[in-house]
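The primary structure of each chain is shown beneath.
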Amino acid sequence: MPLSEHEQRMLEQMERALYAEDPKFASALEGAGLRTYTRRRVYQAVAGFLVGIALLMAGVIVPYYWVSVVGFLVMLGCALLAVTGWRKAPKPGEHPVGGPHARRPVRPKRSMMDRIEERWQRRRDEQGH
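Residues numbered from 1 in each chain as written. Predicted model: local features only at pLDDT ≥ 70, side-chain atom pairs only at ≥ 80, totals over all residues. Heavy atoms only, no water.

- As recorded by an unreviewed UniProt entry, the protein chain carries the name DUF3040 domain-containing protein and is attributed to Streptomyces mexicanus.

### A closer look at the environment of V46
Move 1: Of note, V46 is situated in helix 3 (residues 32-61).
Move 2: Overall, V46 belongs to the partly exposed group, its relative accessible area being 43%.
Move 3: Note: C-alpha distance between V46 and M75 (29 residues apart in sequence) is 8.9 Å. (Helix = DSSP H or I, 4+ residues; strand = E, 2+ residues; numbered from the N terminus. Buried < 20%, exposed > 50% of the residue type's maximum accessible area, 1.4 Å probe, protein only.)

### Looking at the confidence of the model for the protein chain
Move 1: With 71% of its residues at a pLDDT of at least 70, the protein chain reaches an overall mean of 76.
Move 2: For the protein chain, per-element mean pLDDT is lowest for helix 2 (residues 23-29), which scores 67, and highest for helix 4 (residues 65-88), which scores 86. (pLDDT = per-residue confidence, 0-100.)

### With respect to a nonpolar patch on the surface
Move 1: A surface patch of nonpolar side chains, about 1,200 Å² in accessible area, is lined by V60, I61, V62, Y64, Y65, W66, V69, V70, F72, L73 and L76.
Move 2: Listing elements by their share of the nonpolar patch, those giving two or more residues are helix 3 and helix 4.
Move 3: Per element, the largest residue contribution to the nonpolar patch is seven residues, and it comes from helix 4.
Move 4: Following the sequence through the fold, I61 ends up in helix 3. (Patch = residues over 30% accessible without salt bridge, like charges linked within 9 Å, V, L, I, M, F, W, Y side chains within 5 Å. Areas by Shrake-Rupley, 256 points an atom, 1.4 Å probe, with all protein chains shown as cover. Salt bridge = Lys/Arg side-chain N within 4 Å of Asp/Glu carboxyl O.)

### Looking at the environment of L50
Move 1: Following the sequence through the fold, L50 ends up in helix 3.
Move 2: With 25 residues separating them in the primary sequence, L50 and M75 have C-alpha atoms 7.5 Å apart.

### Quick notes on the UniProt feature "transmembrane region" (unreviewed entry) in the protein chain
Move 1: Mapped onto this numbering, the UniProt entry gives "transmembrane region" (unreviewed entry) at residues 42-58.
Move 2: The span residues 42-58 is 100% helix and 0% strand, and its two end C-alpha atoms sit 24 Å from each other. (UniProt positions renumbered as here; feature names shortened; annotations may be inferred.)

### Focus: helix 5 (residues 112-127)
Move 1: Over its 16 residues, helix 5 runs 23 Å from end to end, which matches the ideal 22 Å to within 8%, given 1.5 Å per residue.
Move 2: Looking at the residues trailing helix 5, positive phi occurs at G128, about 90°. (Expected span 1.5 Å × (residues − 1).)

### Some points on the pattern of salt bridges
Move 1: Inspection of the entire model under this criterion finds one salt bridge.
Move 2: Between R122 and E118 there is a salt bridge, and its shortest N-O distance comes to 3.3 Å. Within this pair, R122 and its partner E118 are both found in helix 5, separated by four residues, close to a single helical turn.
Move 3: Residue R122 is classed as partly exposed on the basis of its relative accessible area, which comes to 44%.

Below, the structure is given as structure tokens:
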């Protein structure tokens, strides 16, 4: 359920007040920290993937086949980390909702009476009262 205009204005006023009072804290809440964290994780996964390639090649050169297997497993794990980290990263203008592990927006729970009242109002509006 979207916010009313009054609620949106109040929210914007609170955001401006927060920025005015403590800009460092407000910028930390924006989600840039999460974006930096996921970007760093992807870069680490790419570096690990390159290490895996080096191990794979070293396993071909030396007579120990298990080095190649370890290199392949490192490559596979790092590729998985990079792909999942890339998908979870928020877009530059996007704010994560509900924390870093949220997959869909969190809706506030409504009581049974609120739902009944909403249905009643909808019926009255449809009848033209």
